[in-house]
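Coordinates in review
Okay, here's what each chain looks like letter by letter:
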Amino acid sequence: MGDSVQLIKHVELYVNSSATPSQQVASVNAVAVLLKNDLLTLDALVREMEMYLTTTDSIVRSRGTLLLAEILEQLTSKPLNSTSIHSLIGFFTERLADWKALRGAIVGCLALLRRKVDVGIVTDSEAKAVAQSYLQNLQVQSLGQYDRKLSFQLMDCLLDRYPGAIQGLGDNLVYGICEAIDGEKDPQCLLLVFHIVESLARLYTGSLANFAEDLFEILGSYFPIHFTHPKGEDDDVKREELSKALMLAFASTPLFEPFSIPLLLEKLSSSLPSAKVESFKYLSYCTTKYGPERMVKHAEALWSSVKDVTYISPSSTPSTESESMGGMSFQDSEIMRHAFVLLQEVTQQHADFVSLVIADNDIHVFINSLNQYKEFDDIPVLVKQKLHALGHILSTCVKPSVELCNKVFEGFFPLLMDGFGLSAAKPSDNVECKFGAIYLCTELLAASRYLTLSLDNCTLDPNFSRQTWHVMLSNFSKSLEKAFIALLRSNVADNAESAYVYFGVQGLQILATFPESFVPVSKSIYDDILSELVSIVTSSGSKTFLWTLALKALVEIGFFIDKFPDSGKAASFESIVVEKIVSLISSDDPAMPLSLKLQAAFEIGETRKDIMLRVVQALDEAISTKFSEVNDHGNHESYNMIVKLLETYTQKVLPWFLEIGGSEEIPLNFALSIWDKMENSRFLNVNPLQIASGVLGATMTAMKNAVGSCSKENQEIIINKAFGILFSSTDFGSPGFKSGNDIVKEDELQQTNNNVGRDERLTSLFASVVIALRPQTSIPNGKMVLQLFVTSLLNGHVPSAHALGSLVNKLPLEINGMDSSTSFTLNEAIDLIFHSFNIPGNDGSGIDFGSLRLDTLRIQSAINTVVGLAWIGKGLLMRGHEKVKDITMSLLSFLTMDGQDGLPKQFQNLIEVSDKKGVNQLMICAGDAFRTIMSESGECLNRKYHANVRPLYKQRFFSTIMPILISLVVKSESPFVRSMLYRAFAHVVTETPLSAILGEAKKLVPLLLDCLSMLRKDVSNKEIIYSLLLVISGVLVEKTGQEAAVENAPGIINQLTDLTAYSHMTAIRETAIQCLVAVSQLSHTRIYPLRTKVLRATSKALDDPKRVVRQEAVRCHQTWASMASRSLHF
């Protein structure tokens, strides 16, 4: 009883004319839930609703019918018995005659017709009754848009799901559909209309002939799709959808061919480019669907249309790479691209179509007319466009089949050979440089090769070698080879980027890259081609364009052999190309630069892994040879060669092996061989120092990359080898070196300062190994290694600082099952380092200046200490270790001393050996240490070298150090100390992610402005100032930062206007003006009073010597002037 009452309430609410749409939806959902949960049966629902479904009140009746229909829509997955379905479909079928309840009737029919078999469906006879009622009662075009859409959905559903049931309706169905769709203009309805026509054509494949013209007359009126209403959202998508749906309808039956093809050909004369594009697109698709029998009568018209837009009036434009591709690289217009697609489809469908192209007199006349041009530059652009189009046409005609290839070669190849001045019987080195024949010949060769590649996986026809095109090309292959080579040797090759040279090389490359089964050239010709290209590459390289093209051709030939194996070609390539190119690495021929030799060897090596291994072997031998030359003869020129050899390995060879997933043997063997060379190499003692330093830097980079790419096990092999060589040196037995926890004494350190050269460079190389180790890799006698780096660091050895930072970043917190006498933990390393630097590490007070070993040394030792602390702090920070706080406080201790006045008492004796300038340098170094800690490094401590990187480590350091820095700035009384603190502050802020800055923007913006004011007094701070400006610009443009910017708007404007005249850096002036534009978007009441100052500053910037600044000044001046004028008008 309760459910019945609730049901009536829902029904009453729905049929009530005052009910809102949301209330109606709620009523439908509520009743559907009752039915789904079997709290109400469908029969009971119909009985309760009988009054609403049969009443004479048309409004109530229509709403009641729609309610029942919408409830059925939600029951698509609920099983219903056939009796219920029969009675319901009968009811809705009858209601199709009730125009006032029509919407509910259509929705109800759709809900029942769309049901699946497993839950109960409408029978064929019932579906046919629905279709008959539809055709008899619905005047679709008299309905509103939504009801028309529903009507079309109903017919579409009948055609898709019940084609057999309605097929018997015959002419009545076709007439009814024609009447329903005629004059439809709504895009959503048209999508359904076009699909209905497509389905209808599929249903009546033959009997539609009597109605094809009438039906297409309706369809044709919509081509091309064009929207007359204003552009709205998703219009482009709808237009594309409609166009595709209409195209499918056009091609749905061959019966439309007599009407559609003439229409499409006619539309090609339209002045609208979009109409031409659509016409070609439809023609291409319809050609494949109608079949060659129907399309043959349109062949001449189709060829004429393609010829008009591609050849007669080409609309192509030179592409950006045209110059590097012989001046013949054109970007085809969209119309041309679709015309070529049509040409491809027609030639594939109808082989005789090519005869029209071959017999075209215009093309033959054009080819002959090309002989009048003696130079490439004499050819007009229009002629080049036509030549490009003709090459594309011939290529398209060749590619589909051997039959077409034969026809095209028969029609054009002899003509081109005559233009080329070639004879099959008498190959000659003398060739006439007629570009048209050269270009078209290479296009035909490329197309025929494309054809052979597409046939390579097919069963080979034993008569293939007797095919016309194959015979012709074989006969002329020697002549072509000689002709192409002659182009490369002729005077035209002297031009910087000669088109003849480009296509000469292209021709040779194509001849050399036919697959084995279809090769039209002999082995001798193939070998001659390789020899010619190799001779160019191994020459001086003075003709850069030719050299680059020849190398690229050899590389492509190498890749081709790898992809399409041919034992004969592979053997020739190996003996002619690989051996000679690889031998260039060790060649001492001064005519060819080493950089070109290495480039050629590497690019040839890329073609196959085994070739690259030979390149690596040659590189190793060359490096060994150059080292020997240095050792035996002191040849300084060999240093530059070593650097280039190492750079090739680092930048090219190793990344290549990593990319292909190669073996670790390459980097392992390289690293070990370098250490073998270092063991007795005299370059470690060579002077001048800068020459050896260049080699050392390249060697270190190569070593880091090699070690970094190795596994833990291989890294341990390398580190053990390096350790043995390093500590077997007698120089490391000097008093200045101690192992374990011993502290380096002052007099001992002074002695080690003199032991530079070999030991320092050997230590640098060892440091590069340590930097690239994985965290899991064991280090032999770690305490000794650590002390070595500490000692070297105090002598000013920066790679040791990098190594110390890497060690503290990767050392384990504890060691299990290992010999503690040789292995050590992170905490042990930190204790040793802190003890060496006299960092207390207990109260966070920083450096103990009283015990720091600086009392008898110059200030440089203190600077070395600061550099080391920075890198050690960075390593600790990145792994999230708490001891970074002690490092930070030590650096702050250096920052807060100020010459004689502000220097702590314990450190006064430093003044005896250093002037105030030296102390200032130390403080600057301490400030810059914070940049080292926060910035990204390519030298060490990065993911490439397996550093431990804790997420958000920069944000954590920022939140920890910023309150300390701010407090010190506030308390500082010395201007210089304040500036140094701001220097550190600037480095931290500029290297912190902007999101963290924005969270503290209210506190930071005033400090940023004060920092800018202080730092811009010193021109050496210009890079820091620029970085600060970038931070301020981020605050100004981000919504979360604008509130803080509004509060400090006057200060921001004052600083920015001053910086618009900053003469020491253009980027600062440009960015300052850009920031002023961003300021103009802030609260008007805060910025308006300063508009005059901004306008005055930008007016001066209009005369800036740099154009980029003047452009920004114009934009800024207009923005602020416009704001001022609007305000004055108000």
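Here is what the cut-offs are and how they apply
Residues numbered from 1 in each chain as written. Predicted model: local features only at pLDDT ≥ 70, side-chain atom pairs only at ≥ 80, totals over all residues. Heavy atoms only, no water. Helix = DSSP H or I, 4+ residues; strand = E, 2+ residues; numbered from the N terminus. Areas by Shrake-Rupley, 256 points an atom, 1.4 Å probe, with all protein chains shown as cover. Patch = residues over 30% accessible without salt bridge, like charges linked within 9 Å, V, L, I, M, F, W, Y side chains within 5 Å. Salt bridge = Lys/Arg side-chain N within 4 Å of Asp/Glu carboxyl O. Lys, Arg positive; Asp, Glu negative; His and termini not counted. Charge placed at Lys NZ, Arg CZ, Asp CG, Glu CD. Buried < 20%, exposed > 50% of the residue type's maximum accessible area, 1.4 Å probe, protein only. Phe/Tyr/Trp six-rings, centres within 6.5 Å; stacked < 30°, edge-to-face > 60°. Lys NZ or Arg CZ within 6 Å of the ring centre and 35° of its normal. Axes fitted to C-alpha atoms, helices over the stretch in contact; angles between N-to-C directions. Parallel < 35°, antiparallel > 145°, perpendicular 65-115°, else oblique. Left-handed = near helix turned anticlockwise from the far one by under 90°. Contact = heavy atoms within 4.5 Å. Nonpolar A, V, L, I, M, F, W, Y, C, P; charged D, E, K, R; others polar. 1 Å grid on protein atoms, 1.4 Å probe; cavity = no way out; pocket = protein on both sides within 12 Å on 5 of 7 lines; lining within 4 Å. Points joined across faces, edges and corners; volume = space filled by probe spheres on them. pLDDT = per-residue confidence, 0-100. Expected span 1.5 Å × (residues − 1). Polar contact = N/O pair within 3.5 Å; in protein donor to acceptor, adjacent residues only side chain to side chain. Arc of directions from axis to C-beta.

Looking only at helices and strands, the chain has 54 helices and 2 strands in total. With an accessible surface of roughly 48,500 Å², the chain has 50% of that area assigned to carbon and sulfur atoms.

Quick look at a negative patch on the surface now. A cluster of like negative charges, contributed by Glu179, Asp182, Glu213, Asp214 and Glu217, occupies part of the molecular surface. Residue placement: Glu217 occurs in helix H13 (residues 212-220).

For Ser133, the position within the fold is in helix H8 (residues 124-137). Note on Ser133: relative accessible area 8%, which makes it buried.

Right, let's talk about the packing of aromatic side chains for a bit. With the rule as written, the count across this model stands at 28 aromatic pairs. With a centroid separation of 5.1 Å and 85° between ring planes, the pair formed by Trp656 and Phe657 is classed as edge-to-face. According to the relative accessible area criterion, Phe657 is buried, its value standing at 2%. Taken together, Phe216, Phe223, Phe250, Phe256, Phe259 and Tyr282 form an aromatic cluster joined through their ring pairs. Positioned above the aromatic ring of Tyr311, the side-chain terminus of Lys386 is 5.3 Å from the ring centre.

This part takes up the environment of Leu169. Along the chain, Leu169 falls in the loop between helix H10 (163-166) and helix H11 (171-181). In this structure Leu169 comes out as buried when scored by relative accessible area, which is 10%. Separated by 38 residues in sequence, Leu169 and Ala131 have C-alpha atoms that sit 8.6 Å apart.

Across the interface, helix H5 (residues 58-73) lies against helix H7 (residues 102-113) with an axial gap of 8 Å and an inter-helix angle of 20°. Between H5 and H7, the angle is such that the two are roughly parallel. The interaxial crossing formed by H5 with H7 has left-handed handedness. Listed contacts from H7 to Thr65, Leu66, Ala69, Glu70, Leu72 and Glu73 of H5 are Arg103, Gly104, Ala105, Val107, Gly108, Ala111 and Leu112. Considered class by class, the residues forming the contact of H5 with H7 number 7 nonpolar, 3 polar and 3 charged.

So, about the layout of surface pockets. Each pocket or cavity is described by its volume, and for the largest pocket that value is around 610 Å³. If you trace the largest pocket, you find 25 residues lining it, with His392, Ser395, Lys399, Glu443 and Ala446 closest to the centre. Elements with a contribution of two residues or more to the lining of the largest pocket: helix H19 (334-349), helix H22 (381-398), helix H24 (435-455) and helix H26 (499-511). Examining the composition of the lining of the largest pocket, we find that 8 residues originate from one element, H24, more than from any other. Classifying every residue of the lining of the largest pocket by side-chain character gives 12 nonpolar, 10 polar and 3 charged.

Here we come to the confidence of the model for the chain. Looking at the chain, the pLDDT average stands at 85 and 87% of residues meet or exceed 70. Every residue in residues 733-756 is under pLDDT 50, and counting partners more than four places away or in other chains gives 43 contacts. Taken together, the stretch residues 842-857 has pLDDT below 50 and engages in 47 contacts with residues farther than four places along the chain or on a different chain.

Moving on to the pattern of salt bridges. Pairing between side chains becomes possible if they bear opposite charge and their charged atoms approach one another. Taken as a whole and assessed by the stated rule, the structure comprises 34 salt bridges. Among the ionic pairs, Arg294 bridges to Glu257, the shortest N-O distance being 2.9 Å. A residue pair is termed long-range when its members are at least 10 positions apart, and Arg294 in helix H17 (residues 292-295) and Glu257 in helix H15 (residues 257-267) qualify at 37 residues. Note on Arg294: relative accessible area 27%, which makes it partly exposed. Between Asp1010 and Arg978 there is a salt bridge; the shortest N-O distance is 3.0 Å.

A few words now on helix H41 (residues 859-879). Here H41 spans 31 Å end to end across 21 residues, near enough to the 30 Å set by a 1.5 Å rise per residue. Of all 21 residues that make up H41, 18 are buried, and the element is covered over most of its length. Just downstream of H41, Gly880 is the residue with a positive phi angle, here 80°.

Quick look at the packing of helix H35 (residues 712-728) against helix H38 (residues 782-794) now. For any two helices packed against each other, one specifies the crossing angle of their axes together with the interaxial distance. Following both chains from N to C, one finds H35 and H38 inclined at 60°, their axes separated by 12 Å at the closest point. With respect to each other, H35 and H38 are oriented oblique. Here H35 runs over H38; the crossing is left-handed. Facing Phe723, Leu726 and Phe727 of H35, the residues of H38 in contact are Met784, Val785 and Leu788. Across the contact of H35 with H38, the residue classes tally to 6 nonpolar, no polar and no charged.

The next point concerns unusual backbone geometry. For residues other than glycine, phi is negative in most cases, and the peptide bonds are mostly trans. The linkage connecting Phe223 with the following residue, Pro224, adopts the cis geometry, with an omega of -10°. As for its position among the elements, Pro224 is in the loop between H13 and helix H14 (235-250). The phi dihedral of Leu941 falls on the positive side, at around 50°, and the residue is not glycine. Along the chain, Leu941 turns up in the loop between helix H43 (916-934) and helix H44 (953-971).

Here Leu203 shows up in helix H12 (residues 187-203). Of the residues examined, Leu203 reaches a relative accessible area of 13% and is grouped as buried. In the structure, Leu203 is positioned 37 residues away from Ile166 in sequence and 9.5 Å away in space, judged by C-alpha atoms. Beyond its immediate stretch of four places on either side in the chain, Leu203 contacts Leu159, Pro163, Ile166, Gln167 and Leu173.

Moving on: the environment of Thr548. Note that Thr548 resides in helix H28 (residues 544-563). A sequence separation of 52 residues divides Thr548 from Ala600, and the C-alpha atoms of the two residues are 9.2 Å apart.

Now for the side chain of Ser243. You can see Ser243 is positioned in helix H14. Among the polar contacts listed, one links the side chain of Ser243 to the side chain of Glu278, at a separation of 2.3 Å. In contact with Ser243, other than residues within four places in its own chain, are Ile225, Glu278 and Tyr282.

Below, the discussion takes up helix H21 (residues 361-369). Three or more residues of H21 are buried, namely Ile363, Phe366 and Ile367. Relative to the axis of H21, the buried residues are bounded by an arc of 100° and lie together on one face. On its buried face, H21 sits against helix H18 (299-312), helix H20 (353-359), H22, helix H23 (402-420) and H24. The backbone nitrogen of Asp362 lies 2.9 Å from a side-chain oxygen of the residue at the head of H21, namely Asp360.

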